[in-house]
Amino acid sequence: MTTDTLRTRPAAIQVHDVRKAFGAHQVLHGVELTVRPGEVTVILGPSGSGKSTLLRVINHLEKPDRGHVSVGGEPIGVRRHGDHLKELSERVILGQRSRIGFVFQNFNLFPHLTVLENVTAAPVATGKLTKPEARNLALDLLGRVGLADKTGAYPRQLSGGQQQRVAIARALALRPGVILFDEPTSALDPELVGEVLAVIKDLAGGGTTLVIVTHEIGFARECADRVIFMDDGRIVEQGPPAEVLDNPRHERTRDFLSKVL
Ligand code: ADP
Ligand code: MG
């Protein structure tokens, strides 16, 4: 896709002036972020800097106190400071959320369902696909993540890396335009990180918009179109990986990178 095409299409994700506090603790201080369709964005930052909260606001798992988020040009839940509370109905929110995949640090598979059932559950429950369609798609996706031989297994019978690959197939089964990953490899034993990153690399460049919170700097360097460094609820700097990782402008970014590299 040319840069011009990217610029003229509506943003895949637009975050405008998003603020969020938990009690007296201000966790997001007015975040601005525009993600273009097909873009691969890696978010870095120390623990507690608000990365997960930002992803949860984008997916409408948390409501911002102020500002708004739009996904695919449609606002998801709007609250304006000092304004009458405007929110989309729950039904609309659920519909929009089904266009966003979310992959969690701890996989969050349904323990009582097989691998195949984990992947078919949502498309069938939401009426997007019939059972046979969902099964065909799931078999295809499980093949793509290297788990064609595990369709009948239960999550507890799989390694962490295999479980996370099922979780990615499950996210893909809703054919989302956007997939958010929250530290997808940080719960894994080191020898299992590579197989999960390989699956995510395979998705990068495939047209799906990806936002990935990770400390895997090598992955960011190789796959990201843009790297964002967050600290204390703010985007401190962002740019192409070669700029942010190899030539950071801010002291806080340099300090963080010196600890994780
Ligand atoms: P990160 O993902 O960068 O580690 P988080 O977004 O998880 O950061 O958290 C940012 C801050 O917000 C942390 O201090 C965390 O304790 C706090 N926080 C996150 N979620 C909640 C919550 N539901 N209730 C209260 N505090 C929260
Ligand atoms: Mg987090």
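Residues numbered from 1 in each chain as written. Chains lettered and ligands numbered in written order. Predicted model: local features only at pLDDT ≥ 70, side-chain atom pairs only at ≥ 80, totals over all residues. Heavy atoms only, no water.

**Q** Describe the side chain of Lys20, with residues and values.
**A** Tracing the backbone shows Lys20 in strand 1 (residues 13-22). Residue classification places Lys20 among the buried residues on the basis of a relative accessible area of 9%. Once you skip the residues sitting within four places of it in the chain, Lys20 turns out to touch His25, Gln26, Val27, Leu28, Thr53, Glu62, Lys63, Pro64 and Asp65. (Helix = DSSP H or I, 4+ residues; strand = E, 2+ residues; numbered from the N terminus. Buried < 20%, exposed > 50% of the residue type's maximum accessible area, 1.4 Å probe, protein only. Contact = heavy atoms within 4.5 Å.)

**Q** Kindly report on the site of ligand 1, identifying the contributing residues and their values.
**A** In the vicinity of ligand 1, the residues found are Phe22, His25, Val27, Pro46, Ser47, Gly48, Ser49, Gly50, Lys51, Ser52 and Thr53. Between ligand 1 and Gly48 there is a distance of 2.7 Å, counted from an oxygen atom to a backbone nitrogen or oxygen. In isolation ligand 1 exposes 560 Å². Once the protein is present, 60% of that is buried. Of all elements in the fold, only strand 2 (25-35) and helix 2 (51-58) reach the threshold of two or more residues within the shell around ligand 1. No other element matches helix 2, which puts three residues into the shell around ligand 1. (Near = heavy atom within 4 Å. Polar contact = N/O pair within 3.5 Å; in protein donor to acceptor, adjacent residues only side chain to side chain. Areas by Shrake-Rupley, 256 points an atom, 1.4 Å probe, with all protein chains shown as cover.)

**Q** Give a detailed account of the nonpolar core, specifying residues and quantitative values.
**A** Grouped together as the largest cluster of nonpolar side chains are 49 residues, with contacts concentrated most on Leu44, Ile168, Phe181 and Leu210. Considering every element that reaches this core, the biggest residue donor is helix 7 (residues 190-203), with seven residues. When near neighbours in sequence (up to four residues on either side) are disregarded, Phe181 contacts Leu55, Val103, Ile168, Ile200, Leu203, Leu210, Val211, Ile212 and Val213. Formed by 24 residues, the second largest nonpolar core is a distinct cluster that contains Ile13, Leu54, Ile100 and Val213. (Core = buried A, V, L, I, M, F, W, Y, C linked by side-chain atoms within 4.5 Å.)

**Q** Tell me what's going on with the pairing of strand 8 (residues 209-213), and back it up with residues and numbers.
**A** The side chains of a regular strand alternate between the sheet's two faces. Across the five residues of strand 8, five count as buried, placing the element largely inside the fold. By the alternation rule, side chains of strand 8 split into Thr209, Val211 and Val213 and Leu210 and Ile212, which are all buried. In the sheet, strand 3 (residues 40-44) pairs with strand 8 via four bridges, with the strands oriented parallel. Within strand 8, the residue paired with Thr41 across the bridge is Val211. (Pairing = 2+ DSSP bridges.)

**Q** Go over the sheet that holds strand 6 (residues 100-103) with me, naming the residues and quoting the values.
**A** If you trace the six strands from one edge of the open sheet to the other, you get 6-7-8-3-9-10, paired in mixed fashion. Unpaired on one side and paired on the other, strand 6 and strand 10 (234-239) mark the two borders of the sheet. Averaged over all pairs of adjacent strands, the angle between strand axes in this sheet comes to 15 degrees, irrespective of strand direction. Strands strand 6 and strand 7 (178-182) of the sheet are contacted by helix 6 (residues 160-172), whose axis makes an angle of about 170 degrees with strand 6. (Axes fitted to C-alpha atoms, helices over the stretch in contact; angles between N-to-C directions.)

**Q** Any chance you could break down the confidence of the model for the chain for me, citing the residues and the numbers?
**A** On average, residues of the chain carry a pLDDT of 90, and 89% of them reach 70 or more. Counted against residues more than four places away or in other chains, residues 79-86, with its pLDDT under 50, gives 12 contacts. Per the prediction output, this complex has pTM 0.91; the corresponding ipTM is 0.98. (pLDDT = per-residue confidence, 0-100.)

**Q** Can you tell me about the pairing of strand 10, naming the residues and giving the values?
**A** Alignment of strand 9 (residues 226-231) against strand 10, held across five bridges, turns out to be antiparallel. Looking at the pairing, Met230 lines up with Ile235 of strand 10. Counting the residues that bridge the hairpin from strand 9 to strand 10 gives two residues, and of these Asp232 lies at a positive phi of roughly 50 degrees.

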